[in-house]
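An overview of the molecular structure
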Amino acid sequence: MHQVEIATTRETLLDSPEMVLNMGPQHPSTHGVLRVILRLDGETVIDLDCDIGFLHRGMEKIAENRQYSMIAPYWDRLDYIAAVSNGLVWVETVEQMMGLDVPPRAHYLRTILTELNRIASHLLWLATHGLDIGSFTVLLWALREREEILKIFERQFGARLTCHAWRIGGMPNDAYDGFQKDVQQFVDNFPHRIDEYETLLSENRIWLGRTVGIGVISAEDAIAIGLSGPALRGSGVAWDIRKSRPYAAYADMDFDIPVGENGDTYDRYLVRLEELRQSRRIIQQALDKLPDGPVNAKVPKNIKPPAGDYYHSIEGPKGEIGCYLVSDGTTSPARVHVRPPCFVNLQALRQMCVGHLIADVVAIIGTLDIVLGEIDR
Amino acid sequence: MLLYFAPNFIDSLLLKLFSQETINFVIWPFIQIGAVVTGVAVWALYATYAERKISAFMQARLGPMRVGKWGLLQPLADALKLLTKEDVTPDKADPYIFKFAPYIAVASAFVVFAVIPFAPSWGVITDVNIGLLLVLSISSVGVLALILAGWSSNSKYSLMGGLRSSAQMVSYEVAMGLSLIGALMFARTLSLSGIVNAQAVDGPLPYLFYQPLGFITFLIAGIAENNRAPFDLPEAESELVAGFHTEYSGMRWSLFFMAEYAAMVVVSAVATAVYLGGWYLPGVYRLTENYHQVALLSGNLDGAPLYHGLFVIIGIVVFMIKMAVILYVYFWLRWTFPRYRYDQLMDLGWKWLIPATLTNIIWTATAIFAVQALNGWHGMKTIESISQGLNLTSSGKAVMIGFGFTGLLVTAGVLSTINWRSRDFNLKGQRRDIRLVKNVPQGEPAVLPPGPTPAASEG
C-alpha cells in the first residue's frame, strides 16, 4: 500500500483544496480500532489509506513460547466474534500434523457448533451493517437471535464469546444434556426471523439505494487481491473451502453456495443472508445424523507434532482463515502464522471506495465485515 | 364552570392593579406565553420518553423502566444529568459563536408556537393573519444555528455536518412551503386559526382528504427539515460521529436536542392545523350548535359562555391527540428505515418533492376551477357560496376528493417522466436474487502429511 502524503494538499477541479479526513481509531463505525485516512474532494473519496496495528498483541510471537494446547485460547481472541471457528483451525492443524484420529461424533459436534458460530457472526455483521446504514431496528432484532446462540455456547463451553471450544483431539466435554433440544428449537425458529430481516431491508428502496452499485469489485480483481469468504462469493466466484477441501463433517453435508453477480454491497448482503439459511440447513442435517461415541481421540500427554511445516485453512465466517504451523519437534511451535481473512479483505478497501462518498465508505467497511482483532493479531 | 372560574378570578385580581387594556394585551399574553412554553418544553421532553418507549417496543425490548414507574421520570433524570455536566468548549473554537448557536436554534423552534392554534379563542397566543408565513420563516432561522454551530466548532466533522445540514434544510424548506399552497387555496387565508376555521366550516372532512399529496409531501419535507431519520445525515452517528453538534456537551447539547424535538412538534402542529383539522372535531361541534353558528362565523365569543371554557379545553386535547399521532409517525419512520445518503437526499428534495408539490398546486387549481365549473351541471350543486372557505356541498366534496386522489396518480406520472433515467427510479428492478450454486465439485479432504508417526501414546 502506498503512503498518503498527509502534509500536502492538492488543488482539485473547482480550485478548492482537498481535505484529508481521519476516520480515526475511535469512530462509531470502523468496527474496532481501524484508522482510515481519507483524501476527499468535497465528499468524494479520491484516495484512501488504512492504518492498522492498534490492536496488535503479538499473538504469533507469544505462541512460540507456549505449548500447543496453551495456544488455543489465543486463537479465540483473534476474530473474537467467530471464536469457535478460529479454535477449529488451530486444533485441526495440529491434529492433522500429528495424524490423530478424531472420532466422528466430535466432527459432527464441531460442525454444528461452528455453523452456529457462523450464524452468530453473520447476525452481528447484519446488526452492525444495518446500524451503519441507519437501520437501527435490525441491530436489535439480529442481536436477539444471537443471544440464543450465545446461551447455547454458554451452556456448552462455559463462555459466550471467546469459548476455547476445542481441544487437540476432540472436545473437552460431550454435548450437554439439553443440547439437541436447544439447537433444534433455535433451528426451528430461525427461518421466520431471517424472513423478518429480509422484509425490513431487502426491498427497501433506501437500502437498495445505499447498497446497489456500492463497493463493486470484479471477480478477477477479487481473486487477484486474494479475497475469500462472502466478499469473494459476492463477486461471482463459487469458492468455498467447505466444499473444495472439506474438513470436520462437511463432506457428509448437503448444502449450496450462494453466489452473487456484480460484486457490490447488495450482493454480499444477499450472499450472507443466504448463508444464514444454508448454515441452518447444515445444522439440521448434522443434528439428524449425529452419531454416538466418544468425543476425544487418544492424545499423547506431550503434544509434539513432527518437525516440518503445515498449512491448513477452513472457511470462517469472514473468509479463509488459515494456520501455517512450523514445528521443530518440540512442545512449542517454531512459528505460527495466522492467515487472517479480514486482513486480506481489507486490502480491497481502497479499490472499492475510491470514487464513492464518505457515507459509502462506512457501508463498504461494513460489508467487508472486518474484525480488527484478526487484522492486527 | 370551574374552568371559567379561575380565569375570572385572576382577571378580577389583576383589575385592581392594571387597566383592562393592559390586562388583555400585556398580562394575559404573558400568561399564555408562559403556559405554551412550559407546555411545549414538557411535550418535547416527554416526546423523548415516548420515542424511547415506542422504539423499544418495536425492537423487542422495554425501554426506560427504572427511573419512576415505567421510566416516566427518565426525561427529568436526563435533564438533571445534562445540567450537571462539565462545560467544555474546544480550545480553538470561536467561543462567542460556539456558545450562542444553541440559543438561536431553541429560540427559532419555540417562537413559532406563538401562532399555532391550539384551541379556538384563547388557545392561540396571537392570531397573526400571516401565521403560516411566519412559521416557515422562523423555522428557517434554525438553519443559521446549525451552520454557526458546525463552523464555530473548528472541527472537520462538525464543519461537514453543518454544511450538509444547511444545504438539506434549505432544499426541503422550498418543498415544505410549496406543499402548503394547495391547502391554502382551499382556506384562502394564511392565518393558522383561519385555516382550522375553514376546515371546520367546510364540513367534517379535514383537508387531508382533499390534499393527500400535500399532506404526504409536507410531512416528508418536514421530517427532512427536522433532520430526522431517514434524513438524519447531518447527525449521522455512524459517519460523522454527531455532525454539527459533535463538540457540544452538557446543557448546550441538550438545547440542540430540545430544539430538534420542539421543531418536530412544530411540524406536527402545523400538519395538524392545516391538514388534520386542528382542534376541530365534528362531534364536539354538534354539542355546541349555538356556539358553532353564532360565535364561530361571526368571530363573536359572547355566544355561549357556558360551553366556552370546556370547549376550548376539549379543543386543546383534540389538537394534542392529533399531534401525537403525527409524532408517532415520526418515531415509526425513524426506527424502520435506513438513512439516505447525502446526494440521494438532495436528489429526493429537488427532483422528487418539488415537482410533486408543483404538480399538486397546478392540480388543485384545476380541481377548484372544475368544482366551480361543475356547479349547476346536470343539476349538481357543488358550492353553496364562496364567502368563506369553499363551502362545498357533498357532491362538491366528492369531486374534490376524487381530484385529490387522482392527483396522486398524476404526480406519479409526472415524477416518472422526470426521473425515469435516474438510478433511483428503477431500484425495485435492481432487487435481485443470488444464485445458489448446487454442484460445486467436492474436493479431497485435507490430507495428512507423510512423516514419522508420533511417539507412543502415554494416555
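Notes on the structure in this doc start here. Keep in mind that this is a model prediction, so the values were computed, not measured.

How each quantity is defined
Residues numbered from 1 in each chain as written. Chains lettered and ligands numbered in written order. Predicted model: local features only at pLDDT ≥ 70, side-chain atom pairs only at ≥ 80, totals over all residues. Heavy atoms only, no water. Buried < 20%, exposed > 50% of the residue type's maximum accessible area, 1.4 Å probe, protein only. Helix = DSSP H or I, 4+ residues; strand = E, 2+ residues; numbered from the N terminus. Pairing = 2+ DSSP bridges. Axes fitted to C-alpha atoms, helices over the stretch in contact; angles between N-to-C directions. Left-handed = near helix turned anticlockwise from the far one by under 90°. Contact = heavy atoms within 4.5 Å. Nonpolar A, V, L, I, M, F, W, Y, C, P; charged D, E, K, R; others polar. Expected span 1.5 Å × (residues − 1).

On to the pairing of strand E2 (residues 35-41) of chain A, then. Residue and element names in this part refer to chain A. In terms of burial, E2 is largely enclosed, as five of its seven residues are buried. Note: strand E1 (residues 19-23) against E2, five bridges, orientation antiparallel. Looking across to E2, one finds that Leu21 is bridged to Leu38. As paired strands, E2 and strand E3 (residues 44-51) are joined by seven bridges and run antiparallel to one another. Residue pairing in the sheet places Arg35 in a bridge with Asp51 of E3. The antiparallel hairpin formed by E2 and E3 contains two residues in its connecting segment, where Gly42 sits at a positive phi of about 70°.

What follows covers the packing of helix H15 (residues 342-374) of chain B against helix H16 (residues 394-419) of chain B. Residue and element names in this part refer to chain B. Where H15 meets H16, the closest approach of the two axes is 8 Å, and the angle between their N-to-C directions is 145°. Where H15 crosses over H16, the handedness of that crossing is right-handed. Along the contact surface, H15 presents Lys351, Trp352, Pro355, Ala356, Thr359, Trp363, Ala367, Ile368, Ala370, Val371 and Leu374, while H16 presents Gly396, Val399, Met400, Phe403, Thr406, Gly407, Val410, Thr411, Val414, Leu415, Ile418 and Asn419. For the contact of H15 with H16, a count of residues per class yields 16 nonpolar, six polar and one charged.

The next thing to look at is the sheet that holds strand E5 (residues 308-315) of chain A. Residue and element names in this part refer to chain A. An order of E5-E6-E7 is seen for the three strands of this open sheet, with the pairing classed as antiparallel. The two strands at the open ends of the sheet, each matched to only one other strand, are E5 and strand E7 (333-339). On average, each strand axis in the sheet is tilted by 15° relative to the strand beside it, whichever way the strands run. Here strand E6 (residues 320-327) pairs with E7 via six bridges, running antiparallel. Paired with Ser327 across the bridge in E7 is Pro333. Lying on the sheet, helix H2 (residues 68-76) is in contact with E6 and E7; it crosses E6 at an angle near 155°. Of the strands in this sheet, E5, E6 and E7 are in contact with helix H3 (residues 83-98), which crosses E5 at around 145°.

Let us look at helix H5 (residues 136-157) of chain A. Between its first and last C-alpha atoms H5 of chain A spans 31 Å; for 22 residues at 1.5 Å apiece the expected length is 32 Å, and the two agree. After H5 of chain A finishes, the residue Gly158 of chain A shows a positive phi value of roughly 95°.

All names here are of chain A. Spatially, E1-E2-E3 is the arrangement adopted by the three strands of the open sheet, whose pairing is antiparallel. Both outer strands of the open sheet, E1 and E3, are each paired with one neighbouring strand and no more. Averaged over all pairs of adjacent strands, the angle between their axes in this sheet comes to 20°, without regard to strand direction.

What follows is about the environment of Ser244 of chain A. All names here are of chain A. Positionally, Ser244 belongs in helix H10 (residues 241-244). For Ser244, a relative accessible area of 15% translates into the label buried. A C-alpha to C-alpha distance of 16 Å links Ser244 and Gly226, two positions 18 residues apart in sequence.

Right, let's get into helix H4 (residues 104-133) of chain A. All names here are of chain A. For H4, which comprises 30 residues, the first-to-last C-alpha distance of 43 Å matches the rise-based estimate of 44 Å (1.5 Å per residue) to within 8%. Burial of H4 is extensive: 26 of the 30 residues sit out of reach of the surface. Two residues or fewer after H4 comes Gly134, characterised by a positive phi angle close to 115°.

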